[in-house]
Amino acid sequence: MKTDVLIIGAGLMGASTALHLAMRGCQCIVIDKASPGRHASGSNAGGLRQLNRDPAEIPLTVEAARMWQNIESLVDSDCDARFTGQLRVAENQSDMDKLEQRAALLRSMGYQHEEMIGKQALYQLVPALSPHCVGGLICRHDGYARPYHALTAFRRKAESLGVVFHPCTEAYHIEQTGEDWQLHTSKGDFSSNILVNCAGAWAGQLADLLNEPVPLTPKALMLMVTERLPHFVDPVMGAASRKLSFKQMQNGTLIIGGALVAKLDFELEKTQIDWLQLANSAKTVIDFFPQLSNVRIIRAWAGIEGFLPDAIPVISASQTAKNAYHAFGFSAHGFQLSPVVGRILSQLILDGQSELPIEPFNISRFAQKKS
Amino acid sequence: MFKQFSDSTTNTIEVVLNGQAIQVTQGISVAAMILAQGLRFNRTTPVSNSKYAPFCMMGVCYDCLMVIDGKPNQRACSIRVKQGMKIDTQQGVGPALRTSVGG
Amino acid sequence: MDNHYQLLIIGAGPAGLAAATTASRLGVSCALLDEQPEPGGQIYRSIESVSGQRAQTLGSEYLRGKQLAKAFRDCDAAYFPETQVWSLNNQRQVGILHKEESKIITADQILVASGAMERPVPFPGWTLPGVMQAGAGQILFKSAGMIPDDGVVLAGSGPLLLLLAWQYMHAGVEIKAILDVTPLSNHLLALPKLPKALLAHQYLSKGLAYQKELRRAGVKTKIGVSSLQANGEEYLESVSYNHFSRQQTIETDVLLTHFGVIPHIWLTQSAGCHHIWDKHQQCWRPQHDEWGKTSIDGILVAGDGAGINGARSAEHAGRLAGLQAVYALRVITRQERDEQAVNDRKWMLDDRHIRPFLEAYFAIPDEILATPDNHTIICRCEEVTAGEIRNAVKNGHGDSNQVKFLTRCGMGPCQGRQCANAVAHIVADAGGAPVSDQSHFRGRPPVTPLTLAQLASLSEADTQ
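Model, not experiment: these values are computed from the prediction.

Caption draft 1: Representation of the sheet that holds strand 15 (residues 246-251) of chain C in the model. Residue and element names in this part refer to chain C. Taken together, the three strands give an open sheet; going across it, the order is 13-14-15, and neighbouring strands pair in antiparallel fashion. Whereas interior strands pair on both sides, the edge strands pair on one side only; in this sheet they are strand 13 (225-231) and strand 15. In this sheet, neighbouring strand axes are inclined to one another by 20° on average, regardless of whether the strands run parallel or antiparallel. Bridge analysis of strand 13 against strand 14 (residues 238-243) gives five bridges, and the strand direction is antiparallel. Looking across to strand 14, one finds that valine 225 is bridged to histidine 243.

Caption draft 2: Geometry of the interface of chain C and chain B. Contact with chain C, which involves 50 residues of that partner, is made by 34 residues of chain B. Here chain C meets chain B over a buried area of about 3700 Å², counting both sides, of which 57% is carbon and sulfur. Of all residues in chain C, Met146, Tyr235 and Glu383 of chain C bury the most surface against chain B, accounting for 16% of the area lost on that side. The salt bridge involving glutamate 82 of chain C is made with arginine 80 of chain B; its shortest N-O contact spans 3.9 Å. The element contributing the most residues to the side of chain C that touches chain B is helix 4 (residues 134-144) of chain C, with seven residues. Strand direction decides the pairing type here: strand 1 (residues 2-4) of chain B and strand 9 (residues 146-148) of chain C, joined by three bridges, are antiparallel. Counted as the bridge partner of glutamine 4 of chain B is methionine 146 of chain C from strand 9 of chain C.

Caption draft 3: Fine view of a nonpolar patch on the surface. Residues and elements named next belong to chain C. There is a patch of nonpolar side chains on the surface, built from Leu184, Ile223 and Phe244 and spanning about 280 Å² of accessible area. Within the element layout of this structure, leucine 184 appears in the loop between strand 11 (175-180) and helix 6 (185-190). For leucine 184, a relative accessible area of 37% puts it in the partly exposed group.

Caption draft 4: Layout of the nonpolar core. With 124 residues, the main nonpolar core has Met33 of chain B together with Ile175 and Leu179 of chain C as its most contacted residues. Taken domain by domain, this core gets at least three of its residues from each of domain 1 (4-117 + 262-332) and domain 2 (120-259) of chain C. Leave out the neighbours within four places in its chain, and methionine 33 of chain B touches Val15, Leu17, Ile22, Val24, Ile28, Val81 and Ile87 of chain B.

Caption draft 5: Seen up close, the environment of valine 233 of chain A. Residue and element names in this part refer to chain A. Mapped onto the elements of the fold, valine 233 is located in the loop between strand 12 (217-226) and strand 13 (236-239). Residues valine 233 and leucine 74 lie 159 residues apart in sequence; the distance between their C-alpha atoms is 29 Å. Once you skip the residues sitting within four places of it in the chain, valine 233 turns out to touch Val126, Phe246, Gln248 and Phe289.

Caption draft 6: The side chain of arginine 390 of chain C, seen in detail. All names here are of chain C. Of note, arginine 390 is situated in helix 14 (residues 386-394). For the buried arginine 390, which has no salt bridge, the nearest side chain bearing the opposite charge is aspartate 429, at an N-O separation of 4.9 Å. Polar side-chain contacts of arginine 390 include one of 2.5 Å to the side chain of asparagine 374. When near neighbours in sequence (up to four residues on either side) are disregarded, arginine 390 contacts Ala370, Thr371, Pro372, Asp373, Asn374, Ile426 and Ala430.

Caption draft 7: A look at the pattern of salt bridges. Residues and elements named next belong to chain A. Tallied over the entire structure, the rule returns 34 salt bridges over all chains. Note that glutamate 91 and arginine 242 form a salt bridge whose closest N and O atoms lie 2.6 Å from each other. You can see glutamate 91 sitting in the loop between strand 4 (86-90) and helix 5 (93-108) and its partner arginine 242 sitting in the loop between strand 13 and strand 14 (245-248), a full 151 residues away along the chain. One salt-bridge network, held together by shared partners, links Glu63, Arg66, Arg343 and Glu355.

Caption draft 8: Representation of the pairing of strand 1 (residues 4-10) of chain C within the structure. Residues and elements named next belong to chain C. The buried fraction of strand 1 amounts to five of the seven residues, a majority that puts the element mostly inside the structure. Sheet analysis places strand 1 next to strand 2 (residues 30-33), joined by four bridges and oriented parallel. Across the sheet, leucine 8 pairs through a bridge with alanine 31, a residue of strand 2.

Caption draft 9: Here's a closer look at the side chain of aspartate 253 of chain C. Relative to the helices and strands, aspartate 253 of chain C resides in the loop between strand 15 and strand 16 (255-259). With no salt bridge to any partner, buried aspartate 253 of chain C finds its closest opposite charge in arginine 40 of chain B, at an N-O distance of 4.9 Å. Setting aside residues up to four positions removed in sequence, aspartate 253 of chain C forms contacts with Met1 and Arg40 of chain B together with Gly130, Asp150, Gly151 and Leu236 of chain C.

Caption draft 10: Expanded view of the interface of chain A and chain C. Tallying the contact residues gives 38 residues for chain A and 38 residues for chain C. Contact with chain C buries area across many residues of chain A, yet Tyr148, Trp275 and Arg299 of chain A alone supply 23% of it, more than any other trio. Counting across the interface, chain A meets chain C through one salt bridge. A salt bridge links glutamate 382 of chain C to arginine 228 of chain A; the nearest nitrogen and oxygen atoms lie 2.2 Å apart. Taken together, chain A and chain C are joined by 15 residue pairs in polar contact (both at pLDDT 80 or more). Among the elements that line the side of chain A that touches chain C, the one with the most residues is helix 9 (residues 275-288) of chain A, at eight residues. Broken down by class, the residue content of the side of chain A that touches chain C amounts to 18 nonpolar, ten polar and ten charged. In the sheet, strand 17 (residues 296-307) of chain A pairs with strand 23 (residues 450-451) of chain C via two bridges, with the strands oriented antiparallel. When the sheet's bridge partners are listed, arginine 296 of chain A is paired in strand 23 of chain C with threonine 451 of chain C.

Caption draft 11: Region of the structure containing the environment of isoleucine 13 of chain B. Residues and elements named next belong to chain B. Examined against the element boundaries, isoleucine 13 turns out to sit in strand 2 (residues 12-17). The exposure class assigned to isoleucine 13 is buried, which follows from its relative accessible area of 9%. Sequence separation between isoleucine 13 and glutamine 23 is ten residues, and the spatial gap between their C-alpha atoms is 5.5 Å.

Caption draft 12: Geometry of the domain arrangement of chain A. Residues and elements named next belong to chain A. Taken domain by domain, chain A holds domain 1 (2-65 + 147-215 + 309-369) and domain 2 (86-140 + 218-307). Summarising the inter-unit geometry, the C-alpha centres of domain 1 and domain 2 are found 28 Å apart. Listed per partner, the contact involves 29 residues of domain 1 and 26 residues of domain 2. Here domain 1 meets domain 2 over a buried area of about 2200 Å², counting both sides, of which 60% is carbon and sulfur. Counting across the domain 1 and domain 2 interface gives one salt bridge. With its nearest N and O atoms 2.7 Å apart, the salt bridge here joins glutamate 269 to lysine 33. The tally of links between domain 1 and domain 2 comes to eleven residue pairs in polar contact (both at pLDDT 80 or more). Of all the secondary-structure elements, those providing two or more residues to the side of domain 1 that touches domain 2 are helix 2 (40-43), strand 3 (47-48) and helix 3 (58-69). The dominant element in the side of domain 1 that touches domain 2, judged by the number of residues it contributes, is helix 3, at three residues. Looking at the side of domain 1 that touches domain 2 residue by residue, the class counts come to 14 nonpolar, twelve polar and three charged.

Parameters at a glance
Residues numbered from 1 in each chain as written. Chains lettered and ligands numbered in written order. Predicted model: local features only at pLDDT ≥ 70, side-chain atom pairs only at ≥ 80, totals over all residues. Heavy atoms only, no water. Pairing = 2+ DSSP bridges. Helix = DSSP H or I, 4+ residues; strand = E, 2+ residues; numbered from the N terminus. Axes fitted to C-alpha atoms, helices over the stretch in contact; angles between N-to-C directions. Contact = heavy atoms within 4.5 Å. Buried area = accessible area lost by both parts, 1.4 Å probe. Salt bridge = Lys/Arg side-chain N within 4 Å of Asp/Glu carboxyl O. Patch = residues over 30% accessible without salt bridge, like charges linked within 9 Å, V, L, I, M, F, W, Y side chains within 5 Å. Areas by Shrake-Rupley, 256 points an atom, 1.4 Å probe, with all protein chains shown as cover. Buried < 20%, exposed > 50% of the residue type's maximum accessible area, 1.4 Å probe, protein only. Core = buried A, V, L, I, M, F, W, Y, C linked by side-chain atoms within 4.5 Å. Domains from an automatic or database assignment. Lys, Arg positive; Asp, Glu negative; His and termini not counted. Polar contact = N/O pair within 3.5 Å; in protein donor to acceptor, adjacent residues only side chain to side chain. Nonpolar A, V, L, I, M, F, W, Y, C, P; charged D, E, K, R; others polar.

Encoded structure:
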């Protein structure tokens, strides 16, 4: 099969890139070794968070937030997005100082979206919170969406514009003849002008094949979800100095996470829940919301995601091969960025440049580490 | 719906079912007790507000969830009645959680 | 409770009791964990406390549990009733909840004897109060001495339906009808298996005797029933069905259904043991050898949790797995294991002669399993209908796990126990692929829900 652009990875980044390319009249094929959303894209916590991002990501996250506010115009579905705000809670003065510093950094960069609030405003916003907290840093336009629904919406919209997805298609061998790419897979051969690597935790293997190795580490982040509860909290909650990420979904369930890493057998793609870490997480939740002590956990799981040492992604053209592009290594905070990353890649591919500053995400930053 | 077979124990204890103190057979599960009392449902569902009653009686279906001693989502089939136990029909996701300090 | 045992057994039904007794007699440190307050499992539930009159009504097969429980009580195995097992992994770490505290303990050998559950088969109205599984009727009788007081309709297929009818008849319950949905074509399909089944004729003659007694007592059994439906505004009011092309309705406030039983595989699945679709038993079961060894080193299965073979076989399989565990612990030699296993292996083979016949005779037809009408609720917890599942498949969500992601089917408190099989059948049917190719819902622990406080009580020391 021949196409303009061949995208490896049918997760959110791949689907968003395909969608943006298709919107500009490009033919795309997306292949995935599993079913779409099998790993990080389907099993992440769905946070729409600008709060507390790396400074390099701020121009992207702000643009992505604008796109999420209007996501229905892009993908014909609201992806169940809710803009309830995201909040980092301070438990003492040193937490407050830390958050103040962060707010000052953003102001110095000319951004206003992260805002300090005092104790009174905090308890107005989250009356259910344990009384010991003193304030917080909030991004009011943040929120959450349902990851698998978002992925489905991106995929379906892309399909409506002619993109073809090939799930459960394993890439065996890749080669470049002239400037074109040939890919041999379990479901036949594909050829294209352009190759895009959106392979998530597996993207490092593809980068290796293009002779530009990156220190991408696969890890599995754990989440747990409770039974449905009466509505009791609006914003997505984090803490200034503790591992906590916590939200109540529209259906009443709570999703609890916070960068907790499961045991992972990457070869077998098997994850194993580390209960001791989840026990600590449960303690943290109870510290902030003692009334949740008797709430039941229904499921815990871990999704496999690619992490880079500087915890920001690679979004760039290949430095070693012509007509190849990368978007991976989102280090567990890619969900919110997905609409804008697809647009950036489409611009890189079709215009040769992006309107947003993406130099920090160039894959060349890992090149000098090669011996 | 259900009654006790003639051989059943006649030892009773007192529980409070939906606010009313009643005498019930000792040693049976809460789910068996409500069926014996003729209570036709133990909860309404969070999705459609339908009435649900015990279904499997062996702890796998979770249809028999009730509020027991103030705790929601308890499997009535897997908990035995106790003297003084407070048992309530569960409405949807259960009673509101405390959402204000001291409230 | 210790933090480590040589052998840990989960489930105090016939398999677990027999295994614990066998292993502890051979000097192995052994603990038996069980959800119930008394040993016996579901089949011998309340066996230690049941009154003589009720026990007689339940029949001689039930009374067999007394000896098993007694032998177990007389052995040295540690026993922890009212204990939930919420996690098991391939490192043989077992997450348990005992007296409101969670703990992770380990063992060199683990036997999962988790037993069976009723095969959940969705049909219109099956969520109405008053519709229950036949097993629920039995449990109410065994453990609470409760019987329907205004008559009952029994519907479905399988030996338990007959047994329950017989027990109810002896307890003086009015049986309004037995609606047998076993397709008449099954009789022909099962015929070739009959000669072998005659080797286990005790089951056949018992079944025939039950039928005869019921007939003599005037109980109506309708065979070849289809289109079973429970009706009622808020509660069950009547049951309707099709019988030889005639639509019939019976008023009743209790309907007990039975469509066979399936292994309760949530623990072995969560541990990552390899499971296979057993087309004869129409269910998934853990793959295992004749000693109960699964694909994971040191994890064994026995009893109906390993595949449905009934209570007697469970007892034999439990002893074999117990011997295997003791052998794996190097307490006995291979030769000693084999010598001590001779009788159980023989009895188990004899006992299983009946299974191919029963499986063919009581096979549930695809019309019932795979094609419930679009309005029928499949996931009781999240109230997801067959139509929603078919729609998801049509829109490219081609496996059970994708359907679950999209529809929340299987995401409620029962964790998919009541819908996993039905979803597999419907997805297979909608996608035009055999059910044996379908994936089960991925195991998402905890296997039983755990409160945040119970989870938080897990401490560093417990995981050593």
